[in-house]
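Below, each chain spelled out in residue letters.
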4 protein chains.
Amino acid sequence: MADTNPTVVFTQPKTAVIEDREIPSPGPGQLLVRTRRSLISTGTELTIFAGDFAPGSAWAEYAVFPFVPGYSNVGEVIEVGTNVDRSWIGRRVANTGPHARFVVVPAGPAAQQVRPLHRPEVSDDEAAFFCLAEIVMNGLRRSRLAWGESVVVYGCGLLGQLAVRFARLLGARPVIAVDLAETRLQLLPTDAGVVPVNPREQNIADAVRDATRGRMADVVIELTGNPSVIPTEFESVRNQGRVLMLSSPSGPTTFDFHDLCNARSITIIGAHVGSHPDLGEIDLPWTRQRHSELFFDLIADGEIDLQPLITHRAPYSDAPTWYHQLLTDRSQLMGVVLEWPD
Amino acid sequence: MADTNPTVVFTQPKTAVIEDREIPSPGPGQLLVRTRRSLISTGTELTIFAGDFAPGSAWAEYAVFPFVPGYSNVGEVIEVGTNVDRSWIGRRVANTGPHARFVVVPAGPAAQQVRPLHRPEVSDDEAAFFCLAEIVMNGLRRSRLAWGESVVVYGCGLLGQLAVRFARLLGARPVIAVDLAETRLQLLPTDAGVVPVNPREQNIADAVRDATRGRMADVVIELTGNPSVIPTEFESVRNQGRVLMLSSPSGPTTFDFHDLCNARSITIIGAHVGSHPDLGEIDLPWTRQRHSELFFDLIADGEIDLQPLITHRAPYSDAPTWYHQLLTDRSQLMGVVLEWPD
Amino acid sequence: MADTNPTVVFTQPKTAVIEDREIPSPGPGQLLVRTRRSLISTGTELTIFAGDFAPGSAWAEYAVFPFVPGYSNVGEVIEVGTNVDRSWIGRRVANTGPHARFVVVPAGPAAQQVRPLHRPEVSDDEAAFFCLAEIVMNGLRRSRLAWGESVVVYGCGLLGQLAVRFARLLGARPVIAVDLAETRLQLLPTDAGVVPVNPREQNIADAVRDATRGRMADVVIELTGNPSVIPTEFESVRNQGRVLMLSSPSGPTTFDFHDLCNARSITIIGAHVGSHPDLGEIDLPWTRQRHSELFFDLIADGEIDLQPLITHRAPYSDAPTWYHQLLTDRSQLMGVVLEWPD
Amino acid sequence: MADTNPTVVFTQPKTAVIEDREIPSPGPGQLLVRTRRSLISTGTELTIFAGDFAPGSAWAEYAVFPFVPGYSNVGEVIEVGTNVDRSWIGRRVANTGPHARFVVVPAGPAAQQVRPLHRPEVSDDEAAFFCLAEIVMNGLRRSRLAWGESVVVYGCGLLGQLAVRFARLLGARPVIAVDLAETRLQLLPTDAGVVPVNPREQNIADAVRDATRGRMADVVIELTGNPSVIPTEFESVRNQGRVLMLSSPSGPTTFDFHDLCNARSITIIGAHVGSHPDLGEIDLPWTRQRHSELFFDLIADGEIDLQPLITHRAPYSDAPTWYHQLLTDRSQLMGVVLEWPD
């Protein structure tokens, strides 16, 4: 089995298969990694799998079929290319390789693709969240969310769940978490600083008003990915507050820049994972690598508990089934971890 | 004549008249001002005059007919109400009163409506720009535009003209100014740091690329007020740059938050004049009053020249004509100053 | 007993007595409060009690004998002056009144002296820490300490203990806490993010290097109050890092601004409690009142545990004994709460 | 003459000579530059030349005799080492090489030592100020000096003269410039925003109060280099203001951190040229290279006039004379440019 390379492939919209591809060779400066676990990033991967984005959009340029999905991979370095220190061999790494048994990724200080796992306390399952964690950590930093500020997280999928937890860790309160799916709300941490809101049962703006003593939220975080919901989210933010556009909405929004942005002096902050600094500077240190280092420390020291978020774990061969399940009812799936046997 | 109070009134959309209203009495804490000059704020006032905003929008709530326009008034205090220091009488003040011979405005430290004119070098005509100056100054501060950063100003009406001048005064360069009307581009200051661009003659993004050595603009300032133009303006801003929403666009925009905001990590900053601090704090001093103080200093010391922007000066009785002219061809009018004889 | 007003007075340096003073009457806009608890602020009050500050220094101007100490008072409003809403009567308030059974303090929105206790879960003992909490909260905000940054707190007295706890609550890690007194280090929270260091046993800079993976601290917080120790604290901060001057050192330091400040581009941030915004603005909301509101929420919701810091509780009549004890060995006393019986 | 390499050398404190050293060969990644002009950086170089710094200080570590001074060099690339694009040959560059006819400096994107002169309008004399300009530009950025803020510059040597000019270019006003030497004050720009103050004739704090309408300065910039003057400079800064430590004071200061820093919540900002970002990030772009690019643009476009600052120009062989002159009366010398003939 070690001489095959099973790989998840979207052959066309709404079709996922396992193909046996060739085992890649590490080129100069590259590592060859044997995957142990990979996490399905339900938001991004579902958007591509569904395949209904406008021609000419950034989504359409990125997602060309056949498409090999996945960027949340944990494995062991088993070979290196030229110009790479051989001490890499045998190390466990989190990396941005796809859902495949063997992946090659570049090493080196400027490489954004590999993160050594410096804390043995972090399990493979947990480590596979590193990329989602980086997205959210970077977003929260760009939002300038400060100690004691209130925040509303719209959408409690994987990113939303992480956003709630990280916002609490940096001292935001209250953190109001909104989702239509009760199953998702039940995965939220139960501490006095977290306020779950199901809009089927409560008016969101009223709930925010109550939880913030009438002030409304300092920061709103968009994580539904639903373009048409965005304008309604502005009801929850205070005047001169901030809206963090952390999702990748899959289509246009009809948006009144006067009423929702200018008249109330709202700041809308787009935060793609690519806005991390590349190499970092002493005054701007929060690179992707550095965020993952912090993330692994938080897991290892028990400050964040990801176990409730790993709702499904299965052999990689089940991947096609999961993607179809996502298409049908995304609310039932949260963290889906694929296992890659030796 | 001193016992009449001619007042500009929009009786209904697209209809302006001069009505002789009653001379108001200053109530407790108020000043009675005899107007000398008032400036037509072409953007806001034209939007109201035209009257074509969506029902339920913020515009529709604000602009109820009959409507008394104007908020850029300069005159002399001739009487005060109770609880007001009588030393106000005789002082020249810029104030937010409307286009009328007599206006009453509140005084006091918390009042945002009156600014003493502490520099005699500032003419009545120039002082009448105070409110527009405050809008732009506040916007530039909220945009965090920094020394040496590049900026593109879309729309060279009154606010755009001020934005170009202030951006240069705080050391931005280049300042690229975009307008379809050659008459407006010709009013721009001629210094090496200002680059006028007429999209009828040049591709805007190309012009920005040339002027910024390929970096694209750090900041884009929206001042066209045209909702449908907004998405195209994002072509000029660099990744992770800022778009200052300084105009009050009169309707909705079809806007892709993924492609234009999240994917490129753009920050969109709404900046209404109301986001000035109310009273100010030592760490947040830039109130409306303080901005006007700086504005008057800049005029008095010759750092900014408003004369080219005063394109028309006429007796107040011509006001209805000017509003109709604005409706027909706004590009020919810039600063229209109404004179109110003693 | 209700018609006497026992009051702690420093009659001269190193001499504290209880005097029976007249019960004050609330003037216009004032509240009369019957004290239940008052906390001895060991740092400030000991500096005054010891009385050895240089003539002409700010300390000498502030501390004129006889001096009535105390600014951490909790009690019940029992009467109000004119122009005060009578609904104040009966309310429990934290206030800046001194160590006396009856104190008068101004009310009103601009008044910095009174904080309503909006959470019944907060005990009188705990509430009495409000003023110390405000000092530290404001200091941390001014330091711009951010999520994931490392910090060294020099001095683990009351303010240092609060600084460690609050720094953890806003996500700093590691928080390295330095003190010579083992008794103080033992009061620190035991979580993986807190690293106690006793310089009798470890080299501080080495301990910081280990705990920060060689990076050294992003922020150093001075809370020893010892002028001669300050230069050594700069060994722990990284280049381009920040030193928060949160204590009130009682005398001059010999300080090389080239070696310690300019050459390493260190920022030194003085943060007196008086640098809170006065009334606050929507963009600068963290007034003293607002910080206390957050503090009371943190206590009520169990995010911060002050019980270990209340090391001594005693009738007010013991106050003179405590001040002398402080002079002899401050390290044995932490939170000293005076009880004022009905 | 082309086969000798005259070089300025400090053989010991207070002794400068011209030595004929060997012409260096460019190593891998290096450029060989034939010098046209070099500027004496009067502050740094005089401190080293005088040689009276404390043993063990950072100054003592840096300045080991014999010492080859100079870091403000303009010349032409005449040869390159291996791994360097030969198109460098013939280019005019500003570089950090010393006072010598031939210097070698590294090239490449990460190299901080070479700046191409992209604007032919900039003369060799002017270009030689690039390094001093970078020091001041970086300092002003770190000080967060904002449009409309007031500033006091203590010390009007070369760095002070640049600080005054740059502060004006970024919109600070008033800029109050303090020096004991009338000759230096006379070199200041004469615009309404610059207020020269000679403490022999005026009380500085009074002059600052007058010029700032009683507010005192938002920012104070230390550029005297005199350790004992520093505490007095805090009289000019407002509460919660900033003091930029931009000089390299040559010895310790007796400094009361309570009275001057904590009690008034002053922030002291050390800003060494080394605190520029190394490579820059899109969110932190102001590297040394980028600052020089801006500096050359400002000269080329006539926004800054350095001619008055070039007070002396002489053949390199006069250098020993100038250093002795600096020791005797620094106030008579400002920009001293050495000429290096072909």
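Predicted model, so just to flag it, every value in this text is computed and none were measured. (Residues numbered from 1 in each chain as written. Chains lettered and ligands numbered in written order. Predicted model: local features only at pLDDT ≥ 70, side-chain atom pairs only at ≥ 80, totals over all residues. Heavy atoms only, no water.)

(A) Fine view of the interface of chain B and chain A. Facing the 34 residues of chain B at the interface are 34 residues of chain A. Of the roughly 2,700 Å² buried between chain B and chain A on both sides combined, carbon and sulfur atoms contribute 55%. Counting the surface chain B buries against chain A, the share from its top three residues, Phe257, His258 and Asn262 of chain B, is 24%. At the junction of chain B and chain A, the tally comes to 0 salt bridges. Applying the counting rule to chain B against chain A returns 21 residue pairs in polar contact (both at pLDDT 80 or more). Put simply, the parts of the chain that give the side of chain B that touches chain A at least two residues each are α2 (58–62), β12 (237–245), β13 (253–255), α9 (257–262) and β14 (267–270) of chain B. In terms of residue count, the dominant contributor to the side of chain B that touches chain A is α9 of chain B (5 residues). (Contact = heavy atoms within 4.5 Å. Buried area = accessible area lost by both parts, 1.4 Å probe. Salt bridge = Lys/Arg side-chain N within 4 Å of Asp/Glu carboxyl O. Polar contact = N/O pair within 3.5 Å; in protein donor to acceptor, adjacent residues only side chain to side chain. Helix = DSSP H or I, 4+ residues; strand = E, 2+ residues; numbered from the N terminus.)

(B) Main features of the sheet that holds strand β9 (residues 175–178) of chain C. Reading across the sheet, the 12 strands line up as β10(C)-β9(C)-β8(C)-β11(C)-β12(C)-β14(C)-β14(D)-β12(D)-β11(D)-β8(D)-β9(D)-β10(D) and stay open at both edges, with mixed pairing between neighbours. A strand with exactly one partner marks an edge of an open sheet, and here the two such strands are β10 (194–197) of chain C together with β10 (194–197) of chain D. Averaged over all pairs of adjacent strands, the angle between their axes in this sheet comes to 15°, without regard to strand direction. The sheet strands contacting helix α4 (residues 130–143) of chain C are β11 (217–222), β12 (237–245) and β14 (267–270) of chain C together with β12 (237–245) of chain D, and the helix crosses β12 of chain C at an angle near 150°. On top of the sheet, helix α4 (residues 130–143) of chain D reaches β12 of chain C together with β11 (217–222), β12 and β14 (267–270) of chain D; it is set at about 150° to β12 of chain D, its chief contact. (Pairing = 2+ DSSP bridges. Axes fitted to C-alpha atoms, helices over the stretch in contact; angles between N-to-C directions.)

(C) Main features of the pairing of strand β1 (residues 5–12) of chain C. Residues and elements named next belong to chain C. With respect to burial, β1 is a largely interior element, 6 of its 8 residues being buried. Alignment of β1 against strand β2 (residues 15–21), held across 7 bridges, turns out to be antiparallel. Of the residues in β2, the one forming a bridge with Val9 is Val17. (Buried < 20%, exposed > 50% of the residue type's maximum accessible area, 1.4 Å probe, protein only.)

(D) Geometry of the sheet that holds strand β11 (residues 217–222) of chain B. The strand order across the open sheet built from 12 strands is β10(A)-β9(A)-β8(A)-β11(A)-β12(A)-β14(A)-β14(B)-β12(B)-β11(B)-β8(B)-β9(B)-β10(B), with neighbouring strands paired in mixed fashion. One side of each edge strand has no neighbouring strand; the edge strands of this open sheet are β10 (194–197) of chain A together with β10 (194–197) of chain B. Between one strand and the next, the sheet's axes are offset by a mean angle of 15°, whatever the strand orientation. Where β11 of chain B meets β12 of chain B, 5 bridges bridge the pair, whose relative direction is parallel. When the bridges of β12 of chain B are listed, Val219 of chain B appears paired with Arg242 of chain B.

(E) Structural context of the relation of the copies chain A and chain C. When chain A is fitted to chain C, the best match, at an RMSD of 0.0 Å, comes from turning it 180° and sliding it 0.0 Å along the axis. Put plainly, the chains are arranged around a two-fold axis. Rotation axis and chain A: the residue whose C-alpha lies nearest the axis is Leu170 of chain A, separated from it by 2.2 Å. (Least-squares fit on C-alpha atoms with pLDDT ≥ 70 in both.)

(F) The environment of Phe255 of chain A, seen in detail. Inspection of the secondary structure assignment puts Phe255 of chain A in strand β13 (residues 253–255). In sequence terms Phe255 of chain A and Pro231 of chain A are 24 residues apart; their C-alpha atoms lie 6.5 Å from each other. Not counting chain neighbours up to four residues away, the residues in contact with Phe255 of chain A comprise Pro231, Phe234, Leu260, Cys261 and Ile268 of chain A together with Pro252, Thr253 and Phe257 of chain B.

(G) Just the pattern of salt bridges, in detail. For the structure shown, the criterion picks out 97 salt bridges over all chains. Taking the shortest distance from any N to any O, the salt bridge between Asp125 of chain D and Arg313 of chain D comes out at 2.6 Å. One end of the pair, Asp125 of chain D, is in helix α3 (residues 124–127); the other, Arg313 of chain D, is in strand β15 (residues 312–315), with 188 residues separating them in the sequence. What makes Asp125 of chain D buried here is its relative accessible area of 9%. Overall, the relative accessible area of 41% leaves Arg313 of chain D in the partly exposed class. The closest approach of N and O atoms between Glu149 of chain D and Arg242 of chain D, which form a salt bridge, is 2.6 Å. Of the two residues, Glu149 of chain D is situated in the loop between α4 and β8 (151–154) and Arg242 of chain D in strand β12; the sequence distance between them amounts to 93 residues. We note that Glu149 of chain D, like Arg242 of chain D, is buried. Look at the salt bridges and you will find they share partners, linking Arg119, Glu121, Glu293, Asp297, Asp301 and Glu303 of chain A together with Arg168, Arg173, Asp191, Arg213 and Arg215 of chain C into a network.

(H) A look at the interface of chain A and chain C. Facing the 30 residues of chain A at the interface are 30 residues of chain C. A combined buried area of about 2,800 Å² lies between chain A and chain C, and 47% of that area is made up of carbon and sulfur atoms. Along the contact surface separating chain A from chain C lie 12 salt bridges. At the junction of chain A with chain C, the criterion picks out 20 residue pairs in polar contact (both at pLDDT 80 or more).

(I) Molecular detail of the environment of Glu293 of chain D. Along the chain, the position of Glu293 of chain D falls in helix α10 (residues 288–300). The buried category is assigned to Glu293 of chain D, whose relative accessible area is 16%. Linking Glu293 of chain D and Pro26 of chain D, residues 267 residues apart in sequence, is a C-alpha distance of 25 Å. Sequence-distant contacts of Glu293 of chain D, defined by excluding residues within four places in its chain, comprise Arg213 and Arg215 of chain B together with His118 of chain D.

(J) Expanded view of the pairing of β12 of chain D. All names here are of chain D. Of all 9 residues that make up β12, 8 are buried, and the element is covered over most of its length. Bridge analysis of β12 against β14 gives 4 bridges, and the strand direction is parallel. Its bridge partner lying in β14, Leu244 is registered against Ile269.

(K) Local environment of the environment of Met216 of chain A. All names here are of chain A. Its place among the elements puts Met216 in the loop between α7 (204–211) and β11 (217–222). For the pair Met216 and Thr253, spaced 37 residues apart in sequence, the C-alpha to C-alpha distance is 23 Å. Apart from the residues lying within four places of it in its own chain, the contact partners of Met216 are Ser150, Ala205, Val208, Arg209, Glu235, Ser236, Val237 and Arg238.

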